[in-house]
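# Structural features, examined
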Amino acid sequence: MPKRATQVVLSEKEQEELLRITKRHRSEQQLVLRARIVLAAAQGQSNAQIARQLEINVDTVRLWRDRWVGLQGIDLKTLSVTERLQDAPRPGKRPQITAEQRCQIAALACEAPTKAGRPISQWTGREIAEEVMGRGIVEQISPRHAGRLLKKGGSNRTALETF
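What counts, and at which threshold
- Residue positions are counted from 1 within each chain, in the order its sequence is given.
- The predicted nature of this model means local features are confined to residues of pLDDT at least 70 and side-chain atom pairs, given and counted, to a pLDDT of 80 or more, with totals for whole chains, interfaces and linings taken over all residues.
- Note that water and hydrogens are dropped before the side-chain values are worked out from all heavy atoms of the structure.
- Each helix is a run of DSSP H or I of at least 4 residues and each strand a run of E of at least 2, with the numbering of both proceeding from the N terminus.
- Every radius of gyration here is taken over C-alpha atoms, with the globule rule written as 2.2 Å times N^0.38, N being the number of residues.
- Buried, partly exposed and exposed residues are distinguished by accessible area as a fraction of the type maximum, computed with a 1.4 Å probe on protein chains only: under 20%, between the cut-offs, and over 50%, respectively.
- For this analysis, residues touch if any pair of their heavy atoms sits within 4.5 Å.
- With residues, only the protein chains shown are counted as cover, and all accessible areas are computed by Shrake-Rupley using a 1.4 Å probe.
- A pair is scored as a salt bridge if a Lys or Arg side-chain nitrogen falls within 4 Å of a carboxyl oxygen belonging to Asp or Glu.
- Stacked, edge-to-face and tilted labels apply to pairs of Phe, Tyr and Trp rings (six-membered ring for Trp) whose centres lie within 6.5 Å, assigned for plane angles under 30 degrees, over 60, and everything in between, in that order.
- Criterion for a charge above a ring: Lys NZ or Arg CZ within 6 Å of the ring centre, and within 35 degrees of the ring normal.

## Some points on the overall build of the chain
In terms of helices and strands, the chain carries eight helices and zero strands. When the helices and strands of the chain are listed from N to C terminus, the series reads α-α-α-α-α-α-α-α. For 163 residues, the compact-globule estimate of 2.2 N^0.38 gives 15 Å, and the chain exceeds it by more than 25% at 25 Å. With respect to the three principal axes, the spread of C-alpha positions in the chain is 70 × 35 × 25 Å. Relative to its 163 residues, the chain shows a buried fraction of 33%. Long-range pairs, those at least 24 residues apart, make up 49% of the contacts in the chain between residues at least 6 apart in sequence. Surface exposure of the chain reaches about 11,300 Å², of which carbon and sulfur atoms provide 51%.

Rendered as structure tokens:
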């Protein structure tokens, strides 16, 4: 016999905030969908009904209904409605190279190697890795990883010297 869906009971503040999220034009669409799921669940709709109405998978409805109920015991001052609708932290190791460092590496790759005092016409993975570490952008990076970052970023590794 299937398990009954967990009942969602919303306070007036929670309901107002969820409605505000669904009506605000600048809300992320993921948050809007999750807010609609919670609002529909609070109206007593089943997971299957909500899934059909919103044209999503029933597992998604179940996940967000259960997650909302699990966080309901926490005060709104501690955990806002928007924070309750955010993704859970992802597993795995955090990236060691920040977005800012990636931008600095890409900017370096756009420079001509001769401007950095390198006697080459185009950057190689080894040369860019040495220069990145030499400038203190990152403490440690392998030539292979430096080359991979350049390739992924779509930067111009054969930057021509201007003037």
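There is more to say, and it comes next.
## Some details on the pattern of salt bridges
All chains considered together, the criterion is met by 12 salt bridges. Salt-bridge contacts for Glu-131 lead to Arg-135; the nearest nitrogen and oxygen are separated by 2.9 Å. Note on Glu-131: relative accessible area 11%, which makes it buried. Residues joined by salt bridges that share partners form a network here, namely Glu-111, Arg-118, Arg-126, Glu-127, Glu-130, Glu-131 and Arg-135.

## Focus: the packing of aromatic side chains
Within a pair of aromatic rings, the relevant descriptors are the distance that separates the centres and the angle that separates the planes. For the coordinates displayed, the defined rule picks out zero aromatic pairs. Above the face of the Trp-64 ring, Arg-67 is positioned so that its terminal group lies 4.4 Å from the ring centre. For Arg-84, the ring lying beneath its charged end belongs to Trp-68, and the centroid distance is 5.4 Å.

## Brief notes about the environment of Val-81
Relative to the helices and strands, Val-81 resides in helix 5 (residues 81-84). A relative accessible area of 3% means that Val-81 is categorised as buried. Considered as a pair, Val-81 and Ile-128 are 47 residues apart in the sequence and their alpha carbons are 45 Å apart. Leave out the neighbours within four places in its chain, and Val-81 touches Glu-14, Glu-17, Leu-18, Ile-21, Trp-68 and Leu-76.

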